[in-house]
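# Summary of the model geometry
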Amino acid sequence: MFYREAGIFKTSYAADQALFRIPLDRLFVIGVVVAAIVVVPLISNEYWLGSIMIPVLILSIAALGLNILTGYCGQVSLGTGAFMAAGAYMAYKIATNFTWMPIPLVIVLGGLCAASIGLAFGLPSLRIKGFYLAVTTLAAQFFLLWLFQKVPWFVNNSASGVPTAPPRSVFGELVTGAEATPEARYLFVLAFTVVLAVIAGNLVRGRIGRTWMAIRDMDIAAELIGIRPLHTKLSAFAISSFYCGVSGALWSFCYINTVESSAFDIFRSFMILFMVIVGGLGSVLGSFLGAFFIFLLPIALNNVVTTFGLPIATETISHIEFMAFGGLIVFFLIVEPHGLARLWQIAKEKLRLWPFPY
Amino acid sequence: MAEAENVRAEPSAQTRVFGEPVLTLENIELGFGGVKAIDNVSFEVRKGEVLAIIGPNGAGKSSMLNCINGFYKPQSGSITFKGRKLPGMDPHFAAANGVARTFQNIALFRGMSTLDNLMTGRVLKMNRNFLWQALYWGPAQREEIEHRAYVEKVIDFLEIQAIRRTPVGRLPYGLQKRVELGRALAMEPEILLLDEPMAGMNVEEKQDMSRFVLEVNEEFGTTIVLIEHDMGVVMDISDRVVVLDYGRKIADGTPDEVRANQHVIDAYLGVAHD
Ligand SMILES: Nc1ncnc2c1ncn2[C@@H]1O[C@H](COP(=O)(O)OP(=O)(O)OP(=O)(O)O)[C@@H](O)[C@H]1O
Ligand SMILES: [Mg+2]
């Protein structure tokens, strides 16, 4: 009864089209963001910030990107890791060649490079769909990683092949590289996450989002309405790859502090795909829920085992992890394709009626 | 003028006078492998009329609509539209020039709400660029609101206010058909192509649908081309009827003329061919 939709009347279309149509939702999300900015850095120790919050937020950005492509536009991709790598390597090239450039711009440019590469690999989507498209993106995954590994130019001929991320500051505070404090890196990543999430929310409720969903749901009808399939799919590939590229650049600059292809291998692609499936295809919120869930599940399992001192070998835990993932993916694909986001929605619907059964 | 008004007021308003042809199809041929779906068919669609295309199953009616809005390209023949004589229509050209349609097997965007389905019909009329959309502010927001206002008019007209936010996949069949009509109307079409808009409906739903079709035609002057199997409906609402059988046109005229046509009677009673 506290959470309600009824009785909230909109007096303008602007209000009815707002990002969060229910005031309580809006308050809740603003609360979460404020908490993320103020409370989290205060209460978290170095481990929580540096090893959990930062990577989860960065992966959420990639999940948002893949969700735009797969969840909203219906184009399956297994090349997420490669587009992340493209962002990371290009951001590295730009940062080291134009040392004067502000780091936010470097990250954005890295994203744009990934977007143009995504555009190129999106071209086959006009002709091929579903499984076969997934295979082409898989080709992108292997080809791009191979390229980044083999061509020394991408790493400025570094001897080890794994250069460290250059330290850069915003407002005089180091935000990238190993020397930066976890708080600074966290806030830097958070800023990107919030801005990109708002942009994603705006895009999917506007014209471009509707063209993506139209192509996803019924491409023939979409074409006869005047939507150009190629434009639409390519825009989804480009924007999705932009998100992945930014995510990859942040991963290298603010989390692992090195630029290396092994961080963006096929397992990364699958991880992001699982996040999107479990979180909810076609949901911005779902991208976050999925990222948190998939990233935290193994950690939670480990913690349970250690806190209760269960006599389980480490390998067994990782087997359990795999089984849990497998089970979850099957569950969500079959039972609840809209993922955690949908479960959240159902919970809200229940809450709306609570404490009355009807 | 006064006379025309009189004629329209009469119950059998089948002698309404119509403007020039807005769409002319000449010698259209379309085949799939060995099957001739359309065999040398010519007819014209006149401004402001309700034209029915009828014929037995597999006669080539849907294929005809598919040629008109560019989903199929005829192997030969021509389509004259907007002063251009084309060997076949381009779907984007058709949509951009006011040709909208509904499908025999509902082709809605199932994962989207009724409102979003209708808003999708406005896509070609919206042109704020990507960056504005990403901000959803200023011109982009004004544009959304402006088009939302139009879509709300369509929603009111079709009396589907209650299902505005429902994903269309969850709606019953009859309502889905109505939403599909709404999506086509949101395009502000000059020519509306309806492929069996009343198939599978009960009598009440058919009456509603007929009313909507006629109101669209009268209030907005929209030209309507519809395929329908229910002869009662066809005779009631159409100004002119084109009859197809085995891909060929066997009659073309007012409902009364067509009803009296021997070929049509044969086709419907199933007289053996040749
Ligand atoms: N895409 C296609 N591929 C192959 N054959 C087709 C195709 N579309 C139509 N046909 C064939 O063309 C012929 C005409 O089909 P069409 O769908 O136009 O008939 P119709 O008059 O709409 O019939 P109905 O009343 O059953 O809807 C049929 O024989 C059909 O099998
Ligand atoms: Mg048909």
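The model shown is predicted, which means the values in this text are computed figures rather than measured ones.

As a further point, take helix α5 (residues 103-122) of chain A. All names here are of chain A. The end-to-end C-alpha separation of α5 is 28 Å, in line with the 28 Å expected for 20 residues at 1.5 Å each. Listing the buried residues of α5 in full gives Ile103, Val106, Ile107, Gly110, Gly111, Ala114, Ala115, Gly118 and Gly122. Buried-residue contacts for α5 involve α4 (80-97), β1 (169-170), α7 (182-205) and α10 (229-255).

Now for a nonpolar patch on the surface. Residues and elements named next belong to chain A. On the surface, Ile30, Val34, Ile37, Val38, Val39, Leu42, Ile43 and Leu187 cluster together to form a nonpolar patch covering roughly 740 Å² of accessible area. For the nonpolar patch, the leading source of residues is helix α2 (residues 23-43), giving seven residues. Structurally, Ile37 is set in helix α2.

With that settled, consider empty space enclosed by the protein. In the structure shown here, the tally under the stated rule is two cavities of 30 Å³ or more. Reported here for the largest cavity is a volume of approximately 60 Å³. As for the largest cavity, its lining consists of Ala221(A), Leu224(A), Ile225(A), Asn69(B), Val99(B), Ala100(B), Arg101(B), Phe103(B), Arg183(B), Ala184(B) and Met187(B). Only α9 (219-225) of chain A together with β6 (99-102) and α7 (173-186) of chain B provide two or more residues apiece to the lining of the largest cavity. Among the residues forming the lining of the largest cavity, the class breakdown is eight nonpolar, one polar and two charged. Here the second largest cavity is characterised by a volume of approximately 50 Å³. Surrounding the second largest cavity, Asn202(A), Gly206(A), Arg207(A), Met126(B), Arg128(B), Gln133(B), Tyr136(B), Ala140(B), Glu143(B) and Glu144(B) form its lining. Looking at the lining of the second largest cavity element by element, the count peaks at three residues for helix α6 (residues 139-158) of chain B.

Moving on, we come to the packing of α4(A) against α5(A). Residues and elements named next belong to chain A. For the pair α4 and α5, the least separation of the axes is 7 Å and the interaxial angle reads 135 degrees. The angle between α4 and α5 places the two elements in the oblique class. In the packing of α4 onto α5, the handedness of the crossing is right-handed. In contact with Phe83, Ala86, Gly87, Met90, Ala91, Ile94 and Ala95 of α4, α5 contributes Val106, Leu109, Gly110, Cys113, Ala114, Ile117, Gly118 and Phe121. Class assignment of the residues belonging to the contact of α4 with α5 gives a composition of 12 nonpolar, three polar and no charged.

Another point: the domain arrangement of chain B. Residues and elements named next belong to chain B. For chain B, the assigned domains read domain 1 (1-98 + 192-207 + 224-274) and domain 2 (106-188). For domain 1 and domain 2, the distance between their C-alpha centres works out to 28 Å. Listed per partner, the contact involves 12 residues of domain 1 and eight residues of domain 2. Carbon and sulfur atoms make up 71% of the area that domain 1 and domain 2 hide from each other, which totals about 670 Å². Looking at the side of domain 1 facing domain 2, the largest losses of area belong to Ala95, Leu192 and Met201, adding up to 44% of the total buried there. Joining domain 1 to domain 2, the criterion identifies zero salt bridges.

On to the coordination of the magnesium ion (ligand 2). Residues and elements named next belong to chain B. Surrounding the magnesium ion (ligand 2) are the protein donor atoms Ser62 (OG) and Gln104 (OE1), which sit 1.9 to 2.1 Å from the metal. In this pair, Ser62 sits in helix α2 (residues 61-68) while Gln104 sits in the loop between β6 and α4 (114-120), placing the two residues 42 residues apart along the sequence. Judged by its relative accessible area of 32%, Gln104 is partly exposed.

Listed per partner, the contact involves 30 residues of chain A and 36 residues of chain B. Roughly 3100 Å² is buried in total at the junction of chain A and chain B, and carbon and sulfur atoms are behind 63% of that figure. The largest contributions to the chain A side of the interface with chain B come from Arg210(A), Leu224(A) and Ile225(A), which together make up 25% of the buried area. Where chain A touches chain B, the interface holds two salt bridges. Note that Arg210(A) and Glu144(B) form a salt bridge whose closest N and O atoms lie 2.9 Å from each other. Counting across the interface, chain A meets chain B through 11 residue pairs in polar contact (both at pLDDT 80 or more). Listing elements by their share of the side of chain A that touches chain B, those giving two or more residues are α1 (13-16), α7, α8 (207-217) and α9 of chain A. For the side of chain A that touches chain B, the element with the most residues is α8(A), which contributes eight residues.

The rules behind each value
- Residues numbered from 1 in each chain as written.
- Chains lettered and ligands numbered in written order.
- Predicted model: local features only at pLDDT ≥ 70, side-chain atom pairs only at ≥ 80, totals over all residues.
- Heavy atoms only, no water.
- Helix = DSSP H or I, 4+ residues; strand = E, 2+ residues; numbered from the N terminus.
- Expected span 1.5 Å × (residues − 1).
- Buried < 20%, exposed > 50% of the residue type's maximum accessible area, 1.4 Å probe, protein only.
- Contact = heavy atoms within 4.5 Å.
- Patch = residues over 30% accessible without salt bridge, like charges linked within 9 Å, V, L, I, M, F, W, Y side chains within 5 Å.
- Areas by Shrake-Rupley, 256 points an atom, 1.4 Å probe, with all protein chains shown as cover.
- Salt bridge = Lys/Arg side-chain N within 4 Å of Asp/Glu carboxyl O.
- 1 Å grid on protein atoms, 1.4 Å probe; cavity = no way out; pocket = protein on both sides within 12 Å on 5 of 7 lines; lining within 4 Å.
- Points joined across faces, edges and corners; volume = space filled by probe spheres on them.
- Nonpolar A, V, L, I, M, F, W, Y, C, P; charged D, E, K, R; others polar.
- Axes fitted to C-alpha atoms, helices over the stretch in contact; angles between N-to-C directions.
- Parallel < 35°, antiparallel > 145°, perpendicular 65-115°, else oblique.
- Left-handed = near helix turned anticlockwise from the far one by under 90°.
- Domains from an automatic or database assignment.
- Buried area = accessible area lost by both parts, 1.4 Å probe.
- Donors = N, O, S within 2.8 Å, 3.2 Å for Na, K, Ca; no water.
- Polar contact = N/O pair within 3.5 Å; in protein donor to acceptor, adjacent residues only side chain to side chain.

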